[in-house]
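Each chain is listed here by its residues.
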Amino acid sequence: MRHAHASHSLDRGAPIHLVQQTLGHESVATTSRYLQAHAQTTATACIGQGKR
């Protein structure tokens, strides 16, 4: 649920520092992992759609 909350919040334009505080992360670097994971998932989905 934490990952879903972070991903959806960031997708909707929430400031990363707000998501950081919500999740209780001491470092924004920890929160930024959610951005990287989401970018990889999105890229994979887009590549998969191109093969139709």
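Residues numbered from 1 in each chain as written. Predicted model: local features only at pLDDT ≥ 70, side-chain atom pairs only at ≥ 80, totals over all residues. Heavy atoms only, no water.

Visitor: Just give me the short version of helix α1 (residues 2–11), but keep the residues and values in it.
Guide: Of all the positions in α1, only A6, S7, S9 and L10 are classed as buried. An end-on view of α1 places all buried positions within 165° of arc, on one side of the element. The first or second residue beyond α1 is G13, which carries a positive phi of 90°. (Buried < 20%, exposed > 50% of the residue type's maximum accessible area, 1.4 Å probe, protein only. Helix = DSSP H or I, 4+ residues; strand = E, 2+ residues; numbered from the N terminus. Arc of directions from axis to C-beta.)

Visitor: Give a description of the packing of α1 against helix α2 (residues 16–23) that names residues and reports values.
Guide: Each packed pair of helices is defined by two parameters, the angle between the axes and the distance between the axes. One way to put it is that α1 packs onto α2 with a least axis distance of 10 Å and a crossing angle of 160°. The orientation of α1 with respect to α2, classified from their angle, is roughly antiparallel. Considering the relative orientation of α1 and α2, their crossing is right-handed. Here R2, H5, A6, S9 and L10 of α1 come into contact with α2, specifically with I16, V19, T22 and L23. Looking at the contact of α1 with α2 residue by residue, the classes come out as five nonpolar, three polar and one charged. (Axes fitted to C-alpha atoms, helices over the stretch in contact; angles between N-to-C directions. Parallel < 35°, antiparallel > 145°, perpendicular 65-115°, else oblique. Left-handed = near helix turned anticlockwise from the far one by under 90°. Contact = heavy atoms within 4.5 Å. Nonpolar A, V, L, I, M, F, W, Y, C, P; charged D, E, K, R; others polar.)

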